[in-house]
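Given next are the chains, with one letter for each unit.
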Amino acid sequence: MATTKYDETSIKILEGLEAVRKRPGMYIGSTDKRGLHHLIWEIVDNAIDESINGYGDYIKITLNKDGSVTIEDHGRGVPTGKHENGMSTPEVIYTILHAGGKFEESGYKVSGGLHGVGASVVNALSTKMEVTIYRDGVISNIKFENGGHVAQKLKKIGSTNRTGTTVTFSPDPEIFKSTNFSFTTITERMQESAFLLSGITIEVEDQEDGKSAKFFYENGLINFVEYINEGKKVLHKVINFNGIKQGIEVDIALQYQEGYNENILSFVNNVKTSDGGSHETGFKSGITKAFNDYAKENGVLKGKDTSFEGTDVREGLSAVINLKIPEALLQFEGQTKGKLGTPEARTVTEQITYENMKFFLEENREIALTIVEKASRSKVAREAARKAREAARNGKGKEKKDKILSGKLAKATGKDPSKMELFLVEGDSAGGSAKTGRNRETQAILPLRGKVLNCEKASSNDIHSNEELNTLTYAIGAGIGNDFDPSDSNYGKVIIMTDADDDGAHIQILLLTFFYRFMRPLIEAGMLYIANPPLYALDFGKYKEYVATDEELEERKKTVKQAYKVQRFKGLGEMDSDELYDTTMNPETRSLIKVSITDAALAEKRVSVLMGDKVEPRKEWIEENVDFTLEDNFRR
Ligand code: 28G
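The present account deals with the structure reproduced in this document. Note that the coordinates shown come from a computational prediction; the quantities given were computed from them, not determined experimentally.

## A few points about the packing of helix H3 (residues 33-52) against helix H6 (residues 183-196)
Helix-helix packing: each pair is described by the crossing angle between the helix axes and the interaxial distance. Running from N to C, H3 and H6 point in directions that differ by 25°, and their axes come no closer than 12 Å. Considering their axes alone, H3 and H6 lie roughly parallel with respect to each other. Every pair of crossing elements has a handedness; the one defined by H3 and H6 is right-handed. In contact with His37, Ile40, Trp41, Val44 and Ile48 of H3, H6 contributes Thr185, Ile186, Arg189, Met190 and Ser193. Grouping the constituent residues of the contact of H3 with H6 by class yields six nonpolar, three polar and one charged.

Below you can see the structure in the form of structure tokens.
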């Protein structure tokens, strides 16, 4: 009888695990790199929960040489007793599917969205999994294989005087498109977790190439803001305040810097809310109100209809918002569940922000006036820009735009914007070849003269009055900044075409910075590309063959039997117009690189680091932020 019942249970379990393997996307979102890393987050979340509950202040992730990953914590160790049905607790935890959205002892659900679906899902998607438990003086382990089948029941393997849990698993290559973990992805996320969990050490090690990183922050949110503003000129020490209302805990750190960008990151129950939500809205109105009241009470703002708008008081503001919300009040919105819905979070965050900021401003007059002055400059610039826009709308603007574009932009003759392409070409000479060689119906050419303005260091005034960037903005015709709408774009593809040298790379990065700051939806809509011109041609006399990289050239040299001359293109200008069209512009034969932003906050950090005073990490930025998947799989 007992056996029958056990058999029934194990059949149910195997059916459950099989369901996960059939539809992995339902449990971990996808089977690409994102889904693959989700496996790690799933296990790490359990280790983090254990330390949040007060057990263990050390977590380590190791990428092993055999492709498996090991996660270790110093918590209490998973309980090792037996359940009524005869299974050990670890066997239950790692093979029975949980409905998802577990409750923690703290009363907070640790995460929204797809998180918290359980360690059994990871097991189901792994070829091997091993769990080692240090508890009650005993080391015991249990092993699984082929998607969660028990290979070795829980057994004692030694004795110990420590406690904790260690999990090792190998993602199944039949499930995942790639099983290569990214050290950078893991490290960046773990650093973020370490900021949010003050006092806990998180280590990441890559056994393959010996890389490692270790994070420990005593004052998490403060350290987080210091990190965001690293290398920037700041106006004051980081401000940190917190409060609790209606059962919602609010913790906020913020700091103004001399620059013009706003950088607000928010989290709920230690999970990033990438799309913001009610807490961010509340924070913003709290800040705006505090500054307006302070400025009016201190005679800085006079008159009845003068007040700061939100954007005025957020120029140069870096902030991290962290909320703890009880499960019963949690509401997430949006496709990726990255937006907080909870309405109470808005009022609570607004009140706590207002009270604390107002108090801070009153207590710190000098700092308060510095920020207020900065906000006033922004207000003046904003009002001037609005007047200019209004003037532009009232007729004169159109003429001005056409005048600015004439002689620069070679328009396409076609009518359907989605089929049109705009090439931004480095230099007048390449611009000339591109104009001659292009497909006039669908391809427009805008040559860029000289260096593009570095938007990371320029003020909004400089940017809005920059001729080169204005030309570009008018050509695309979809507005700029908050007014930008990619559906108004005159072009379905905007393609950056530069020489394959350092200068070209620099122009690319400057343009990417501009697009990232002022036309981000264009990138998000997948409409921004980088052209991929060849580095070499093998000239056989009668015809030429083009080669993209040094490696390819070496490969090709080995196989070619006939006589040829190698031609190296130092720049686009060295190709004649037909050559430029065939190799780089013709949709049938070219290869384009689509620009994508994996994570806006990280891209933000990288843009700041990169476009600040440090010159070094430029190449890395392109490598990390530009998705080098070639459009339509065209490869030369
Ligand atoms: C290393 C990688 C991932 C974990 C624990 C510790 C306990 C636990 C985990 O209990 C079962 C069900 C509800 C209490 C809890 C130990 C209480 C007492 C734990 C991990 C028992 C799960 N002693 N550490 N699970 N609960 N670390 N790290 O997974 O009632 S999972």
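## Re the pairing of strand E11 (residues 263-268)
Both faces of the sheet carry side chains from a regular strand, because those side chains alternate between them. Among the six residues that make up E11, six are buried, leaving the element largely enclosed by the rest of the structure. Burial along E11 is two-sided: the residues Asn263, Leu265 and Phe267 and Ile264, Ser266 and Val268 are all buried. Strand direction decides the pairing type here: E11 and strand E13 (residues 317-324), joined by six bridges, are parallel. Pairing of Phe267 across the sheet is with Asn322, part of E13. Pairing analysis gives two bridges linking E11 to strand E12 (residues 271-272), with the strands arranged antiparallel. Across the sheet, Val268 pairs through a bridge with Val271, a residue of E12.

## Thoughts on the sheet that holds strand E22 (residues 565-568)
Spatially, the three strands line up as an open sheet ordered E21-E20-E22, and their pairing is antiparallel. The two strands at the open ends of the sheet, each matched to only one other strand, are strand E21 (544-547) and E22. This sheet shows a mean twist of 25° between the axes of neighbouring strands, independent of strand direction. One ladder, built from four bridges, connects strand E20 (residues 536-539) with E22; its direction is antiparallel. What sits directly across from Ala537, in E22, is Gln567. Where helix H18 (residues 550-559) meets the sheet, its contacts fall on E20, E21 and E22, and the angle it forms with E20 comes to roughly 20°.

## Looking at the site of the ligand
Taken together, 16 residues lie near the ligand, and Ile71, Asp73, Gly77, Arg135 and Thr165 sit nearest. Between the ligand and Asp73 there is a distance of 2.7 Å, counted from a nitrogen atom to a side-chain nitrogen or oxygen. Side-chain polar atom of Arg135 to a nitrogen atom of the ligand: 3.0 Å apart, as the coordinates give it. Contributing elements (two or more residues each) for the shell around the ligand: H3, strand E2 (69-73), helix H4 (89-95) and strand E6 (164-171).

## Thoughts on H3
Between its terminal C-alpha atoms H3 stretches 28 Å, which fits the 28 Å expected from 20 residues at 1.5 Å a residue. Among the 20 residues that make up H3, 16 are buried, leaving the element largely enclosed by the rest of the structure. Two to three positions downstream of the cap, the backbone nitrogen of Arg34 sits 3.1 Å from a side-chain oxygen, assigning the N-cap of H3 to Asp32. Taken from the residues just after H3, Gly54 is the one with a positive phi, measuring 100°.

## Re the pattern of salt bridges
Evaluation of the coordinates by the stated rule reveals 26 salt bridges. The partner of Arg135 in a salt bridge is Asp136, with the nearest N and O atoms 3.9 Å apart. Classification of Arg135 by relative accessible area gives partly exposed; the value is 24%. For Asp136, a relative accessible area of 66% gives the class exposed. Ionic pairing is found between Lys211 and Asp209, a salt bridge with its closest N-O pair at 3.7 Å. By relative accessible area, which is 38% here, Lys211 ends up partly exposed. Look at Asp209 and you get partly exposed, because its relative accessible area is 44%. One network of salt bridges, in which partners are shared, links Glu262, Lys284 and Arg314.

## Some words on the sheet that holds strand E10 (residues 248-256)
Pairing in this open sheet of five strands is mixed, and the strands run E9-E10-E13-E11-E12 from one edge to the other. The open sheet has two edge strands with one neighbour each: strand E9 (239-245) and E12. Contacting E9, E10, E11 and E13, helix H7 (residues 220-228) crosses the sheet at an angle of about 150° to E13.

## Observations concerning unusual backbone geometry
In the Ramachandran plot, Asp136 falls in the positive-phi region, its phi being about 55° despite a non-glycine side chain. A positive phi is found at Asn270, a non-glycine position, where the angle reads about 70°. By relative accessible area, which is 18% here, Asn270 ends up buried.

Rules behind the numbers
Residues numbered from 1 in each chain as written. Predicted model: local features only at pLDDT ≥ 70, side-chain atom pairs only at ≥ 80, totals over all residues. Heavy atoms only, no water. Axes fitted to C-alpha atoms, helices over the stretch in contact; angles between N-to-C directions. Helix = DSSP H or I, 4+ residues; strand = E, 2+ residues; numbered from the N terminus. Parallel < 35°, antiparallel > 145°, perpendicular 65-115°, else oblique. Left-handed = near helix turned anticlockwise from the far one by under 90°. Contact = heavy atoms within 4.5 Å. Nonpolar A, V, L, I, M, F, W, Y, C, P; charged D, E, K, R; others polar. Buried < 20%, exposed > 50% of the residue type's maximum accessible area, 1.4 Å probe, protein only. Pairing = 2+ DSSP bridges. Near = heavy atom within 4 Å. Polar contact = N/O pair within 3.5 Å; in protein donor to acceptor, adjacent residues only side chain to side chain. Expected span 1.5 Å × (residues − 1). Salt bridge = Lys/Arg side-chain N within 4 Å of Asp/Glu carboxyl O.

Spatial relationships are all this shows, so hold off on functional conclusions.
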